[in-house]
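Each chain, letter by letter, is given below.
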2 protein chains.
Amino acid sequence: MTAGLVTVIGLGPGDPRYLTPSAAAALAAATDIVGYGAYVDRAPLRAGQRRHASDNRVEVERARFALDLAADGGSVAVVSGGDPGVFAMAAALFEAYEAETARWPGVAIKVEPGITAMLAVAARVGAPLGGDFCAISLSDNLKPWDVIVARLKAVLAADLVIALYNPISKARPWQLGEALKLAGAERAAETPVIFARAVGRPDETIRIVPLDRAIEAAETADMSTLVMIGAAATRLIARAGEEPFVYTPRSVGVRP
Amino acid sequence: MTAGLVTVIGLGPGDPRYLTPSAAAALAAATDIVGYGAYVDRAPLRAGQRRHASDNRVEVERARFALDLAADGGSVAVVSGGDPGVFAMAAALFEAYEAETARWPGVAIKVEPGITAMLAVAARVGAPLGGDFCAISLSDNLKPWDVIVARLKAVLAADLVIALYNPISKARPWQLGEALKLAGAERAAETPVIFARAVGRPDETIRIVPLDRAIEAAETADMSTLVMIGAAATRLIARAGEEPFVYTPRSVGVRP
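Computed from a predicted structure; not experimentally measured. (Residues numbered from 1 in each chain as written. Chains lettered and ligands numbered in written order. Predicted model: local features only at pLDDT ≥ 70, side-chain atom pairs only at ≥ 80, totals over all residues. Heavy atoms only, no water.)

Visitor: Sorry if this is basic, but what is going on with the side chain of Thr-225 of chain B here?
Guide: Residues and elements named next belong to chain B. Here Thr-225 is to be found in strand 11 (residues 225-229). Judged by relative accessible area, which is 6%, Thr-225 ranks as buried. Those residues in contact with Thr-225 that sit more than four places away from it in its chain are Leu-164, Pro-167, Phe-195, Ala-196 and Arg-197. (Helix = DSSP H or I, 4+ residues; strand = E, 2+ residues; numbered from the N terminus. Buried < 20%, exposed > 50% of the residue type's maximum accessible area, 1.4 Å probe, protein only. Contact = heavy atoms within 4.5 Å.)

Below is the structure:
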């Protein structure tokens, strides 16, 4: 029997209109779809496909399971929201693969990129990522909190726009508030902060608040929220009857 | 006459299989397509659409032109490669719009996200963006070089994976070498560096080299190249007969 293939696929934000044709074709070709239940449910179904929904917490186990299916000849789609390489399943898959490469001889691995949350959020509000920017996960499950603090201080001082992934959960209730306090010590009170929840889904909510009111606003954030902190130059353009546009000019300290 | 709409659209990397259905629908609905010639040529053509190709250097003029067309009632697509909000046309459009808002009353502006180069490159090689990361443009047309150096030093010290956009051009021949020297002073000689040119296009080339050979490899880089510098934990997994996988484990300093 020929060994198969694992494709780690980014579904993009909730709306299927953001799923790339390349990712859709990979999903359609799969014999097995593996992932967190909510993502497996979002993948378009084809007759004869097997679905394997699992709890979200066991990423490396899920990766091993997908590699085992592929070793048996399957064409296995591992599904992630957003982009699979940004705080999602792709790195977990390579961690599992590297640890036991000999267990899956001949299995091929591919990654299909997707629209990650910060790009979807940026598009929805304007162009807040118009300058240099970074993406930092606030989860301290996999890195010590003091590393996160040091990284936040560095990127705040360097004036990057900051996209915070995994900002808050029941197990990590205070980290987002601490991160916003660090930002408040470095950036102006009126710096725009974006709280975007469930972008591209019917229950999408977007709030844009000044940094000095962000800690208060953070009380409504949850695991589906992406938080974006503007740089010094990030600005609002008012709109009648709608949330303002938020954008970061391309220039820093020079007038074009 | 009703004022129209400008939609800034991300075409993704060159391959049309990365164009989202949402962006494709916005392109199909446009009366006018505006952009740098190579991007306008990539947009699928529909009978009756007007095409306005321009030189790549005049982004704010192009933005004004698009807004003028929309003020006359057009449904105008402004096309960018990758994601329009990442070192592309979206910020230029909002700069133009903010400077003369009263010139375009009633014109609506939307942004359609796309697969930006760093996501496409990451997917092609594995999962190098598996940890915290940043995107920095090396172009000093719009920001002083000393700001770029300060930002590079900050993100190097903070151990972020670094995606360098606009790494080199005829007018900016030495900046990439300087950036790689800064990286060499901070990160280990064997740190993987990825040079990815024209990802998703037929002439795609990807080279993965250790940091201590990156300056030499940079000689083949051009404006279509994205350069990615790994973090301390970024690793290779060898593959027979192919470039190795590159990935960054999710953990920092803790074993899961």
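Visitor: Whenever I open this one, the packing of helix 6 (residues 145-157) of chain A against helix 7 (residues 175-186) of chain A confuses me. Can you help?
Guide: The axes of two packed helices give the description: the angle between them and the distance between them. All names here are of chain A. Running from N to C, helix 6 and helix 7 cross one another at 30°; their axes reach a closest spacing of 10 Å. Judged on the interaxial angle alone, helix 7 and helix 6 are roughly parallel. The handedness of the crossing between helix 6 and helix 7 comes out as right-handed. Counting all contacts with helix 6, which are made through Trp-145, Val-149, Leu-152, Lys-153, Leu-156 and Ala-157, the residues of helix 7 involved are Gln-175, Glu-178, Ala-179, Leu-182, Ala-183 and Glu-186. Across the contact of helix 6 with helix 7, the residue classes tally to 8 nonpolar, 1 polar and 3 charged. (Axes fitted to C-alpha atoms, helices over the stretch in contact; angles between N-to-C directions. Parallel < 35°, antiparallel > 145°, perpendicular 65-115°, else oblique. Left-handed = near helix turned anticlockwise from the far one by under 90°. Nonpolar A, V, L, I, M, F, W, Y, C, P; charged D, E, K, R; others polar.)

Visitor: I'm lost on the environment of Asp-72 of chain A in this one. Help?
Guide: Among the structural elements, Asp-72 of chain A can be located in the loop between helix 3 (59-71) and strand 4 (75-80). A C-alpha to C-alpha distance of 6.9 Å links Asp-72 of chain A and Gly-4 of chain A, two positions 68 residues apart in sequence.

Visitor: Looking at this model, I keep getting lost on the pairing of strand 4 of chain A. Mind explaining?
Guide: A regular strand places its side chains so that they alternate between the two faces of the sheet. All names here are of chain A. Extensive coverage of strand 4 is indicated by the burial of 5 of its 6 residues. The sheet contact formed by strand 1 (residues 5-10) and strand 4 spans 6 bridges and is parallel. Across the sheet, the residue bridging to Val-6 is Val-76, located in strand 4. Summarising the sheet, strand 2 (residues 32-36) and strand 4 pair through 4 bridges and their orientation is parallel. What sits directly across from Val-34, in strand 4, is Val-78. (Pairing = 2+ DSSP bridges.)

Visitor: I would appreciate a short explanation of the state of the cysteines in the present structure.
Guide: Disulfide: a covalent bond connecting the sulfur atoms of a pair of cysteines. Enumeration over the complete set of coordinates arrives at 0 disulfides over all chains. In this structure Cys-134 of chain A is a free cysteine whose sulfur lies 6.9 Å from that of Cys-134 of chain B, the closest cysteine sulfur available. (Disulfide = S-S within 2.5 Å.)

Visitor: Any chance you could explain the environment of Ile-109 of chain B here in plain terms?
Guide: Residue placement: Ile-109 of chain B occurs in strand 5 (residues 108-112). Residue class for Ile-109 of chain B comes out buried when judged on its relative accessible area of 6%. Through-space distance from the C-alpha of Ile-109 of chain B to that of Leu-5 of chain B is 5.8 Å; in sequence the pair is 104 residues apart. Sequence-distant contacts of Ile-109 of chain B, that is, excluding residues within four places in its chain, are made with Arg-239 and Phe-245 of chain A together with Leu-5, Val-6, Leu-67, Leu-93, Phe-94 and Tyr-97 of chain B.

Visitor: Could you clarify how one ought to interpret the interface of chain B and chain A in this entry?
Guide: A common way to report how large an interface is uses the accessible area buried once the components associate. Between chain B and chain A, the contact holds 66 residues from the first and 67 residues from the second. Taken together, the connections running from chain B to chain A amount to 12 salt bridges. Between Glu-98 of chain B and Arg-235 of chain A there is a salt bridge; the shortest N-O distance is 2.5 Å. For the interface between chain B and chain A, the tally reads 23 residue pairs in polar contact (both at pLDDT 80 or more). Top element by residues in the side of chain B that touches chain A is helix 4 (residues 89-99) of chain B. It accounts for 7 residues. In terms of residue class, the side of chain B that touches chain A is built from 42 nonpolar, 12 polar and 12 charged. Here 3 bridges tie strand 7 (residues 133-137) of chain A to strand 7 (residues 133-137) of chain B, and the two strands are oriented antiparallel to one another. Looking across to strand 7 of chain B, one finds that Phe-133 of chain A is bridged to Ala-135 of chain B. (Salt bridge = Lys/Arg side-chain N within 4 Å of Asp/Glu carboxyl O. Polar contact = N/O pair within 3.5 Å; in protein donor to acceptor, adjacent residues only side chain to side chain.)

Visitor: Is there a simple way to think about helix 5 (residues 117-125) of chain B in this case?
Guide: A turn of α-helix holds 3.6 residues, and therefore any two residues three or four places apart point the same way. Residues and elements named next belong to chain B. Of all 9 residues making up helix 5, 7 are buried, and the element is well covered by its neighbours. All of the buried residues in helix 5 are Met-118, Leu-119, Ala-120, Val-121, Ala-122, Ala-123 and Val-125. Gly-126 sits one or two residues past helix 5 and shows a positive phi near 140°.

Visitor: What exactly am I supposed to notice about the pairing of strand 7 of chain B here?
Guide: All names here are of chain B. The element strand 7 is largely enclosed, with a buried count of 5 among its 5 residues. Where burial is concerned, the two faces of strand 7 agree: the one with Phe-133, Ala-135 and Ser-137 and the one with Cys-134 and Ile-136 are both buried. With 5 bridges connecting them, strand 7 and strand 8 (residues 161-165) associate as parallel partners. Residue pairing for strand 8: Ile-136 is matched across the bridge by Leu-164. Between the parallel elements strand 7 and strand 8, the chain passes through helix 6 (residues 145-157) in a crossover that is right-handed. (Right-handed = clockwise from strand over helix to strand, strands pointing away.)

Visitor: How do you make sense of the pattern of salt bridges when you look at a structure like this?
Guide: When the charged atoms of two side chains with opposite charge come close together, those side chains can pair. With the rule as written, the count across this model stands at 34 salt bridges over all chains. We note a salt bridge from Asp-132 of chain B to Lys-143 of chain A, for which the minimum N-O separation is 2.5 Å. On the criterion of chain membership, the pair formed by Asp-132 of chain B in the loop between strand 6 (126-127) and strand 7 and Lys-143 of chain A in the loop between strand 7 and helix 6 is interchain, its members lying in two chains. Of the residues examined, Asp-132 of chain B reaches a relative accessible area of 3% and is grouped as buried. Notably, a salt bridge pairs Arg-64 of chain B with Glu-100 of chain B, separated by 3.3 Å at the nearest N-O pair. One end of the pair, Arg-64 of chain B, is in helix 3 (residues 59-71); the other, Glu-100 of chain B, is in the loop between helix 4 and strand 5, with 36 residues separating them in the sequence. Its relative accessible area of 28% is what places Glu-100 of chain B among the partly exposed residues.

Visitor: I keep staring at the relation of the copies chain B and chain A and nothing clicks. Help me out?
Guide: Between the two copies of the chain lies a relationship made up of a rotation around an axis and a movement along it. Laying chain B over chain A is done by rotating through 180° and shifting 0.0 Å along the axis; what remains is an RMSD of 0.0 Å. The two molecules are tied by a two-fold rotation axis, judged by turn and shift. Within chain B, the C-alpha atom positioned nearest to the axis of rotation is that of Cys-134 of chain B, 1.9 Å from it. With an isologous cut-off of 70% or more, the 100% of interface residues of chain B that recur at the interface of chain A puts this contact in the isologous class. (Least-squares fit on C-alpha atoms with pLDDT ≥ 70 in both.)

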